[in-house]
Amino acid sequence: MSDVVIIGAAMAPFGRFPERPLTDLGVAAVRAAIKDAAVARSSITAAFVGTQSGGSMIGQRIMRQCGLPAIPVVNVENACSSGSTALHLAIAAVRSGVHETVLVAGLDKLSHASGTLPRHSDDYEGSLGLSPPALYAMRAQRYLHDYKADIRDVALVCVKNRRHALGNANALFRSEVTVDEVMASRRVADPLTLLHCCARSDGAASVVVTSAARARAIGAKAIRVLASDLCSGRYMPGFRDLTSPEITVRGARQAYEAAGVASKDIDFAEVHDAFSIAEVLYYEALGFCSRGEGIPLLKSGATTLGGSIPVNVSGGLMAKGHPPGATGVAQVVEAVEQLRGRAGSRQVEGAKVGLTHCTGGGVSGLDHGACTIHILAR
Amino acid sequence: MNAETIAPPSQIIAGDCWRETADGRIELLAARCTACGTHHLPHVPVCASCSKEEFATAALGPRGTLYAYTIVRMPPPGYAGEYAVGYVDFPEGVRVFGQIRIVPEVPLASGIPVGLEIATLFKRPDATPVIGYRFVPTAGGSPR
């Protein structure tokens, strides 16, 4: 079993690029990641590529333009966790010794779609009118009910993450919003308004994974992979708790155990803030605070840059937008930049250990379809 | 049942999960595992609790308790307008998703009792009405 490291990381800026083919975004990210890794192309022996809606053979369509025409390519679909699942598979391939140096990419192009993303047409709840915003609206409604909380406080997630992204050239939105603006935006599903929901965007991200031994041999600046955890949803026909995301709780326990760290050891986290309330639930699920303490943690400033556990200093999905297949890899790109001390105005001082969390996929009776958690260290 | 709502052409949705009783009520039908008693709605071929494959049909409720809800303000194509959805807990230990009739005099709240009715839930792109069960907040019910 090899220790696994990341030696290259890059992303194409997330945004709305109606005229630009998805493969162009992928090619830009992959070429930049290979350049960042400074490895010979001939040493890359496989690629794992995640996309939700990029279509068949997306990886091959990209690799032929990147000087990597004949390596084995695996295309991966796991909804919002597609890219981070591709990374999980790449890490497993290196850890097991099947491959030594592997390329990962995640990408999607969704800014042209309108309305809310539907569930698959054969999903029971989806067929009866459930959409992702409606599910998160129910999580928010029940959370506010259980903890006597105020939706205006939940809106602070949007305010914080948009502010974090002011200096992030890779973000879709680089402007601040106020709580009043969040609350006054168009109603989507009570109590959530439009700015409580992430926007779809277009984007791609890529990393190069190799063994620690190989990184030493070529003198690469390596970021260590302490844990790479993938969970699928557990089917629960009974009274599952909508305010505690079971799949993230389970994944976090496994990831911390694999990494040999505890939640208190995490210096910063990139979490799946597809909806404002989601970030609050993940503070609790990842152990940054106790059940019901998410909003006090948020209001204390602990999760803001400069606080004790900064969350989504990249701006998260709220500011970057959400190209599902790209999101999980882009979170890792941010974590690598932070751990290298290259994050500029949004640098978390002294960051040694970072966590990325990407979950999604609506399936009846499951908290989520998939959840990936990566713990990285310098 | 209103004759207009069943005027053809129409489609029944989740038809194995509800029925109209002889006295005109709508009731939900779960699949109850004959080995461990776990109720499933929607039905599954293999029990999530014990992996056995034998089930009996079991009527739920008739009353359930609203666990969580939302009013969807940006309805997808095919919906007549804003609509409410929620999760309802039944005494048999199963939680069921569905649309909820918006009743002005009974505000939605976690803990209120709900009954059932049949309604047109949305329309297909070819305008075919889709008919299924829908929850109805029960007048006089107080939040638990």
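Our next topic: the sheet that holds strand β9 (residues 268-270) of chain A. All names here are of chain A. The 9 strands are arranged β3-β2-β4-β7-β1-β8-β11-β10-β9 in an open sheet whose pairing can be described as mixed. The sheet is open, and its two edges are formed by β3 (73-76) and β9, each paired on a single side. Within this sheet the neighbouring strands show an average axis-to-axis angle of 20°, counted without direction. Note that strand β10 (residues 353-360) and strand β11 (residues 370-377) share 8 bridges and pair antiparallel. Across the sheet, Thr 356 pairs through a bridge with His 374, a residue of β11.

Residue and element names in this part refer to chain A. For the pair helix α3 (residues 82-96) and helix α14 (residues 324-340), the least separation of the axes is 4 Å and the interaxial angle reads 60°. In terms of their interaxial angle, α3 and α14 are classed as oblique. Contacts between α3 and α14 involve Ser 82, Gly 83, Ser 84 and Leu 87 from the first element and Gly 325, Gly 328, Val 329 and Val 332 from the second. In the contact of α3 with α14, the residues fall into 3 nonpolar, 5 polar and no charged.

All names here are of chain A. This model, assessed by the stated rule, comprises 26 salt bridges over all chains. Taking the shortest distance from any N to any O, the salt bridge between Glu 337 and Arg 340 comes out at 3.8 Å. Here Glu 337 pairs with Arg 340, and both are found in helix α14, just 3 residues apart, close to one helical turn. Owing to a relative accessible area of 17%, Arg 340 belongs among the buried residues under this scheme. Arg 342 is the salt-bridge partner of Glu 337, the closest N and O atoms lying 2.6 Å from each other. For Glu 337, a relative accessible area of 18% puts it in the buried group. For Arg 342, a relative accessible area of 37% corresponds to the partly exposed category. Taken together, the shared-partner salt bridges connect Asp 36, Glu 337, Arg 340 and Arg 342 into one network.

Here we come to the pairing of strand β1 (residues 4-15) of chain A. Residue and element names in this part refer to chain A. The buried count for β1 comes to 11 of 12 residues, which makes it a mostly enclosed element. In this structure, β1 lies alongside strand β7 (residues 202-211), joined through 9 bridges in antiparallel fashion. The partner of Gly 8 across the bridge, within β7, is Val 208.

Next up on the list: the interface of chain B and chain A. Taken together, the 35 residues of chain B in the interface contact 26 residues of chain A. Viewed at the interface, chain A and chain B are joined by 1 salt bridge. Across the pair Arg 73 of chain B and Asp 190 of chain A runs a salt bridge, and its minimum N-O distance is 2.6 Å. Breaking the side of chain B that touches chain A down by element, the ones donating at least two residues are β4 (39-40), β6 (64-72), β7 (83-90), β8 (94-100) and β9 (113-123) of chain B.

What follows is about unusual backbone geometry. Here the residue pair Asp 190 of chain A and Pro 191 of chain A is connected by a cis peptide bond, since its omega of 5° sits within 30 degrees of zero. In this structure, Pro 42 of chain B follows Leu 41 of chain B across a cis peptide bond, with omega equal to 5°. For Pro 42 of chain B, the position within the fold is in the loop between β4 and β5 (55-59). A positive phi angle, near 55°, is found at Ala 79 of chain A, a position not held by glycine. Checked against the element boundaries, Ala 79 of chain A lands in the loop between β3 and α3.

Let's shift gears to the nonpolar core. Of all hydrophobic cores here, the largest spans 49 residues; its most connected members are Tyr 256, Ile 266, Ile 277, Leu 286, Phe 288 and Ile 375 of chain A. Dropping the residues within four chain positions of it, Phe 288 of chain A is found in contact with Tyr 256, Ser 263, Ile 266, Ala 269, Tyr 283, Leu 297, Ile 309 and Val 311 of chain A. Among the nonpolar cores identified, the runner-up in size contains 47 residues, and Tyr 67, Val 96, Ile 118 and Phe 122 of chain B belong to it.

Attention shifts here to the packing of aromatic side chains. Any two aromatic rings considered together are summarised by their centre-to-centre distance and by the angle between their planes. Within the structure shown, the criterion is met by 7 aromatic pairs over all chains. Taking 4.8 Å as the distance between ring centres and 50° as the angle between the ring planes, the aromatic pair formed by Tyr 143 of chain A and Tyr 147 of chain A counts as tilted. With Tyr 143 of chain A and Tyr 147 of chain A both in helix α5 (residues 132-147) and 4 residues apart, this pair spans about one turn of that helix. For Tyr 147 of chain A, a relative accessible area of 30% translates into the label partly exposed. Relative to Phe 122 of chain B, the ring of Tyr 79 of chain B has its centre 5.3 Å away and its plane inclined at 20°; by these criteria the two rings are stacked. One end of the pair, Tyr 79 of chain B, is in the loop between β6 and β7; the other, Phe 122 of chain B, is in strand β9, and 43 residues separate them in sequence. For the pair shown, Tyr 79 of chain B and Phe 122 of chain B are each scored as buried. Taken together, the ring pairs in this structure connect Tyr 79, Tyr 83 and Phe 122 of chain B into an aromatic cluster. Against the face of Tyr 136 of chain A rests Arg 139 of chain A, its NZ or CZ located 4.8 Å from the ring centre. When the ring centre of Tyr 67 of chain B is taken as origin, the NZ or CZ atom of Arg 95 of chain B, which lies over that ring, is 3.6 Å away.

In this section: helix α7 (residues 156-164) of chain A. Most of α7 of chain A is tucked away: 7 of the 9 residues are buried. Within the span of α7 of chain A, buried status applies to Val 157, Cys 158, Val 159, Lys 160, Asn 161, Arg 162 and His 164 of chain A.

For any part of a model where pLDDT is low, the fine detail of the predicted coordinates should not be relied upon. Overall, the prediction assigns chain B a mean pLDDT of 91, with 90% of residues at 70 or greater. By mean pLDDT, the top-scoring element of chain B is β7 of chain B (98), and the lowest-scoring one is strand β1 (residues 11-12) of chain B (92).

Residue and element names in this part refer to chain A. Among the 10 residues of helix α11 (residues 276-285), 10 are classified as buried, and the element is accordingly described as predominantly covered. Within α11 the residues assigned to the buried category are Ser 276, Ile 277, Ala 278, Glu 279, Val 280, Leu 281, Tyr 282, Tyr 283, Glu 284 and Ala 285. One or two residues past the end of α11 sits Gly 287, with phi positive at roughly 85°.

Moving on to the domain arrangement of chain A. All names here are of chain A. Under the domain assignment, chain A is made up of domain 1 (4-112 + 201-225) and domain 2 (124-198 + 228-377). One C-alpha centre belongs to domain 1, the other to domain 2, and the line joining them spans 23 Å. Contacts between the two partners involve 42 residues from domain 1, matched on the other side by 37 residues from domain 2. Together, the buried faces of domain 1 and domain 2 total about 3,000 Å²; carbon and sulfur atoms form 66% of this surface. For domain 1, the biggest contributors to the area lost against domain 2 are Phe 14, Cys 80 and Ile 223; these three give 23% of the whole.

Each value, and the rule that gives it
- Residues numbered from 1 in each chain as written.
- Chains lettered and ligands numbered in written order.
- Predicted model: local features only at pLDDT ≥ 70, side-chain atom pairs only at ≥ 80, totals over all residues.
- Heavy atoms only, no water.
- Pairing = 2+ DSSP bridges.
- Helix = DSSP H or I, 4+ residues; strand = E, 2+ residues; numbered from the N terminus.
- Axes fitted to C-alpha atoms, helices over the stretch in contact; angles between N-to-C directions.
- Parallel < 35°, antiparallel > 145°, perpendicular 65-115°, else oblique.
- Contact = heavy atoms within 4.5 Å.
- Nonpolar A, V, L, I, M, F, W, Y, C, P; charged D, E, K, R; others polar.
- Salt bridge = Lys/Arg side-chain N within 4 Å of Asp/Glu carboxyl O.
- Buried < 20%, exposed > 50% of the residue type's maximum accessible area, 1.4 Å probe, protein only.
- Core = buried A, V, L, I, M, F, W, Y, C linked by side-chain atoms within 4.5 Å.
- Phe/Tyr/Trp six-rings, centres within 6.5 Å; stacked < 30°, edge-to-face > 60°.
- Lys NZ or Arg CZ within 6 Å of the ring centre and 35° of its normal.
- pLDDT = per-residue confidence, 0-100.
- Domains from an automatic or database assignment.
- Buried area = accessible area lost by both parts, 1.4 Å probe.

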